[in-house]
Every structure is written in C-alpha cells, then in structure tokens.
Amino acid sequence: MLINPDKVKAKAKSKENENYAFRTYLKMHADPPKLDEQFRKLHEEFFSGYDCSQCRNCCKMYRGVIPQEDVEKAAGQFSMSRGEFIERFLEYDSGEMSYTTKHCPCDFLEENGACALGDSKPANCRKYPYTDQPDRMGSLLSIIESAAVCPVVYEILERLKEEYHFIKRKRVYPNDPCPCGSGLKYKKCCGRQ
Ligand code: SF4
Ligand code: SF4
C-alpha cells in the first residue's frame, strides 16, 4: 500500500533533512551499479499493480514538457497543424530547448486521469519518475525532489533506508531519558561529563 498521493508532498517535506542525510550516506557507502539494481527492482515492485490514474501528481504538479521532435506527433492527436498546436497549448522554454504546456496542471490532463495525448505522450512523461534508469547515484537530488510528488519515489526511498540500515541519528538533550534505558536523565548517566 503506497502513501496517499494527496499526502506525499507534506510527508516528504517533513523528511527532507533525513532524505538529504540519506543521500550523503549513499554517496559514501553505496555501490552505484548495485544501487541502480535496487532502484530498478523497487520500481518494478511498487509500480506493478499501481494505477497511476488515481494519482497523476506528476501531471498536476508540473507543466507537461513536449520536446521539439514530439510536437508534430502530439499535434496530430488533435488533428492540428504544428503551428496551431503550439499556439493553442505551448510555450517555448529556451533554457530547456523544449516546449512546455502553458499551464500547470498540464493542459493535457483529463478529468478521468488520462492523458489527452494518448499514444503521442512524450517519452519523458513515460519515463517519469526515472527510478528504473541508470545512474541513480548521480540523480539523487532530483529523486529527493520527486519524493514530494510521486508516491512510488517516496516509498522507494523509505525502503532503501531500511535496506541500508540507515538510521537517522536522533539528538539526545541533557534532560532527555538516557537511551541506555537506565531510567536516569542523560546528563546524569551516559552524558555525564
Ligand atoms: S503530457 Fe500527458 S502524461 Fe505528460 S504531464 Fe501532460 S498529462 Fe501528464
Ligand atoms: S508516476 Fe508517480 S506521480 Fe506520476 S501518476 Fe504515477 S505514481 Fe503518481
């Protein structure tokens, strides 16, 4: 059972510091090819049987990105010329050298959760959240960002923390109960100086 798509943004935000610490941990301790394999397996596990039309956070929280080479095909889906399609739906993003939809949520998201581009949906949308792609080690920052959008990415990170026995080190204050279980305050027990 994956986290509710409506809750993933807030939950990931509450874990942001932990996720950045986990990134550092992976950079220091993980083997990149093994990490790719772990991501790929978890991607398959979590997406199998998951109905993305019940979520669509990636279409709601981002604008659609239509690479130049995909515009013609996408226009054909609406029986429009390339020019008409661009004028009606798209803006050019010179930084990305791609077209984006004019609005967020994406203009092609339909009420039932389907994509109006159908089979002409761009490859970048098909590949999102890229958790089965190579070089996950080099993409950990964008993965942490995606954990606030995609329930699958959120769950993959949580599972990886278990698999790597990553435990966030909790700070113990002087007046807290001592973690050794003595029943004394930390400052009077293991924290005594
Ligand atoms: S083009 Fe389709 S799949 Fe891509 S963001 Fe828009 S609605 Fe979603
Ligand atoms: S890819 Fe992730 S964010 Fe997009 S619809 Fe599927 S579960 Fe939701």
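Look above for the structure.
As for the site of ligand 1
And step 1. Around ligand 1, the surrounding shell consists of Cys59, Gly64, Cys106, Phe108, Leu109, Cys115, Leu117, Lys121 and Cys125.
And step 2. Its residues assigned to classes, the shell around ligand 1 comprises 7 nonpolar, 1 polar and 1 charged.

Section: the site of ligand 2
And step 1. Around ligand 2, the structure places Phe47, Tyr50, Cys52, Cys55, Arg56, Asn57, Cys58, Tyr128, Val149, Cys150 and Pro151.
And step 2. Looking at the shell around ligand 2 residue by residue, the class counts come to 9 nonpolar, 1 polar and 1 charged.

Quick look at the packing of aromatic side chains
And step 1. On inspection of all chains with the given rule, the structure shows 13 aromatic pairs.
And step 2. Aromatic side chains Phe78 and Phe89 sit 5.1 Å apart centroid to centroid with 50° between the ring planes, which places their arrangement in the tilted category. Taken together, the residues Phe78 in the loop between helix H5 (68-77) and helix H6 (82-89) and Phe89 in helix H6 connect sequence positions 11 residues apart.
And step 3. Judged by its relative accessible area of 28%, Phe78 falls in the partly exposed class.
And step 4. Assessed through its relative accessible area of 9%, Phe89 is described here as buried.
And step 5. Relative to Phe108, the ring of Phe89 has its centre 4.9 Å away and its plane inclined at 55°; by these criteria the two rings are tilted. One end of the pair, Phe89, is in helix H6; the other, Phe108, is in the loop between strand E3 (98-101) and helix H7 (123-127), and 19 residues separate them in sequence. Each member of the pair, Phe89 as well as Phe108, is classed as buried.
And step 6. Ring pairs connect the aromatic residues Phe22, Tyr25, Tyr164 and Phe166, which therefore count as one cluster.

Details of the sheet that holds E3
And step 1. Strands sit in the order E1-E3-E2 across an open sheet of 3 strands; the sheet is antiparallel. Taken across any chain shown, the strands that pair with only one partner, and hence form the sheet edges, are strand E1 (65-66) and strand E2 (90-93).
And step 2. The pairing of E1 with E3 spans 2 bridges and is classified as antiparallel. Directly across from Val65, in E3, lies its bridge partner Thr100.

A few points about helix H2 (residues 16-29)
And step 1. Along its 14 residues, H2 runs 20 Å from first to last C-alpha, staying within 8% of the 20 Å computed at 1.5 Å per residue.
And step 2. Buried within H2 we find Glu18, Asn19, Phe22 and Leu26. Along the axis of H2, the buried positions cluster into a sector of 95°, meaning they face one direction only. Summarising the geometry of H2, the exposed residues directed more than 90 degrees from the buried face are Asn17 and Met28.
And step 3. Considering only its buried residues, H2 is in contact with helix H1 (8-14), helix H3 (32-47), helix H8 (140-146) and helix H9 (151-163).

Quick notes on the rules
Residues numbered from 1 in each chain as written. Chains lettered and ligands numbered in written order. Predicted model: local features only at pLDDT ≥ 70, side-chain atom pairs only at ≥ 80, totals over all residues. Heavy atoms only, no water. Near = heavy atom within 4 Å. Nonpolar A, V, L, I, M, F, W, Y, C, P; charged D, E, K, R; others polar. Phe/Tyr/Trp six-rings, centres within 6.5 Å; stacked < 30°, edge-to-face > 60°. Helix = DSSP H or I, 4+ residues; strand = E, 2+ residues; numbered from the N terminus. Buried < 20%, exposed > 50% of the residue type's maximum accessible area, 1.4 Å probe, protein only. Pairing = 2+ DSSP bridges. Expected span 1.5 Å × (residues − 1). Arc of directions from axis to C-beta. Contact = heavy atoms within 4.5 Å.

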